[in-house]
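Summary of the model geometry
Listed below are the residues making up each chain.
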Amino acid sequence: MFPSAVQPSDIAAGVAADIAAGIAAQMACPRCSASPLSIDPAGVGAGPPGQVLRCTSCDSLYPQVGGVPCVIRDPEDRIQLWREHLGAFHVGAEQTVEMLEQECTRPGILPTTRIRLTEQARLTRRVLDEVDALLVGAIGTPRQPTTGVPGFESRESLRSLQRDWGWHDSDENARALACVEKVISAPLGRTLVLGAGGCRLAYDLAGRDKTAVFVALDDDPLVLIPAARILRGETLSLTEARPLATEMTLLSAVRELRAPHGPMARVFPLLADGLSPPFRAGAFDTVITPWFVDVVPSDLRDLMGSLRRVLSPGGRWLHFGPLLYPPERAPACRFSREELLELAQRAGFSVEATVSEMLPFSVSPLGEQVRIEPCLAFWARVGDVPPDPPGQLPSWIVLPHLPVPDFVGRALFFHDSPGFRTVVHLIDGTRSIDEIVSKLDAPAGADPSHLKDAVRQCLIENHPDCC
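Residues numbered from 1 in each chain as written. Predicted model: local features only at pLDDT ≥ 70, side-chain atom pairs only at ≥ 80, totals over all residues. Heavy atoms only, no water.

1. Things to note about the overall build of the chain
- Helix and strand content of the chain: 13 helices and 14 strands.
- On the principal axes, the C-alpha backbone points of the chain span a range of 85 × 55 × 45 Å.
- Of all intrachain contacts in the chain linking residues separated by at least 6 positions in sequence, the fraction that spans at least 24 positions is 71%.
- Carbon and sulfur atoms make up 54% of the accessible area of the chain, which totals about 21,000 Å². (Helix = DSSP H or I, 4+ residues; strand = E, 2+ residues; numbered from the N terminus. Contact = heavy atoms within 4.5 Å. Areas by Shrake-Rupley, 256 points an atom, 1.4 Å probe, with all protein chains shown as cover.)

Structure, rendered in structure tokens:
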């Protein structure tokens, strides 16, 4: 179990080590799924001695990256990919500097214009140097990006850090905390935050609930590594630069990023996959999804099984954020508030409280345009999956983690399609659509969402509960 009743001021190494050990014991190896991890006493691999995680079964090692455990299936491959992301960021920054310097040579521009362009080029170089200072020591030097590898979403990552820890006169974080506090009705306990970003919400909630322990999970090292340093009590200086300027005096500002109430040992940053958290079943009392469900999963229906798996019996799901799906998201998967709550109910979550508020998002003190978003917060308790609504498709068709029921006469089933025959043959009363898809002999590179829909269609046409 995770340690509890740890005071925020207790940042001593022994306390932090106890928390890390407790969390490691609840982890499940991403390679062999169910096996727990332990802190490797030999400290083999990247990171300081005694801080590498080792699988107790398959012996896989999960290193620290910039002081943050990296529990991803193939951590070394991911680190190399991050180095390519950094390389792509370098390419983009260098192209920006070259463009700005070229603009300075245009005939007929004002001396003030030349000053602005020169300053923007200098700021671009400075931000690049600051990003290198944050990452190179953790992941290594930039690598030449392969075709199609995007750079870090540096503006969003750095802006997240500035908002969480650098805009000391802003009330944005306080308003977000106040919104979620309106729905929380029980101690948070062992808490997993998916898509924790700069970790400020986890930090503020830890200050509110003195007995809770938080795992702040994200897969972006550019935001999580600096956040981990701030949570340990460091102060970081980072430049906030505006891409567009309405006033010369508002081109940039140097911010001091620090935790306002001191360090926090009970927030444990973790580099991992938020869609498949590397934890044992029932490891958490609460899962929080802040600004996550609309951005990260390509299909929210796929997330429900992961949430239920890591929650203990009677555990809670705390959601917070808008529903702002990216343009590439399939229209059928741009779920509304009502659809989200219905999916939660079908998955066995009893929604106990909801609140909707218009909240500012990432409104810089430098005076950029104000962004206001409609944010939904809800508090839901996990329970039994309810009976299917009359006249509607079964929930095990909608939610691919639920078991597909067996049916009388299945052994005699025949269909002209070999694929249909295979799907029906794999039904055993316990396998879900996810598990059936995993056993299909699918072509390399096949889209899992397309495979799931193909299995759904087969079941809709042939399972007696759907006909």
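2. Examining the sheet that holds strand β3 (residues 61–62)
- If you walk across this open sheet you meet the three strands as β1-β2-β3, and the pairing is antiparallel. Edge positions in the sheet fall to β1 (37–40) and β3, since each of these pairs with one other strand and no more.
- Here two bridges tie strand β2 (residues 52–55) to β3, and the two strands are oriented antiparallel to one another. By the bridge assignment, L53 is partnered in β3 with Y62. (Pairing = 2+ DSSP bridges.)

3. Focus: the layout of surface pockets
- A volume near 1,200 Å³ is recorded for the second largest pocket.
- Taken together, 38 residues make up the lining of the second largest pocket; nearest its centre are L275, S276, S306, R309 and D434.
- Counting residues per element, the ones that place at least two in the lining of the second largest pocket are α8 (303–310), α12 (433–439) and α13 (448–462).
- For the lining of the second largest pocket, the leading source of residues is α8, giving five residues. (1 Å grid on protein atoms, 1.4 Å probe; cavity = no way out; pocket = protein on both sides within 12 Å on 5 of 7 lines; lining within 4 Å. Points joined across faces, edges and corners; volume = space filled by probe spheres on them.)

4. Remarks on the sheet that holds strand β13 (residues 349–360)
- Strand order in the open sheet formed by seven strands is β10-β7-β6-β11-β12-β14-β13, and the pairing between neighbours is mixed. Because the sheet does not close on itself, it has two edges, and the strands there are β10 (267–271) and β13. The sheet shows a mean angle of 20° between the axes of neighbouring strands, taken without regard to direction.
- For strand β6 (residues 190–194) and strand β7 (residues 213–218), the ladder comprises five bridges, and the chain directions are parallel. By the bridge assignment for β7, T191 is matched with F214.
- Set on the sheet, helix α9 (residues 337–346) makes contact with β12 (311–321), β13 and β14 (372–382); between it and β13 the angle comes to about 155°. (Axes fitted to C-alpha atoms, helices over the stretch in contact; angles between N-to-C directions.)

5. Quick word on the pairing of β14
- With eight of 11 residues buried, β14 is to be regarded as a mostly interior element.
- By the bridge criterion, six bridges tie β12 to β14 in an arrangement that is antiparallel. Bridge assignment links H319 to a residue of β14, and that residue is F378.
- In this structure, β13 lies alongside β14, joined through 11 bridges in antiparallel fashion. Paired with L359 across the strands is E373, a residue of β14. (Buried < 20%, exposed > 50% of the residue type's maximum accessible area, 1.4 Å probe, protein only.)

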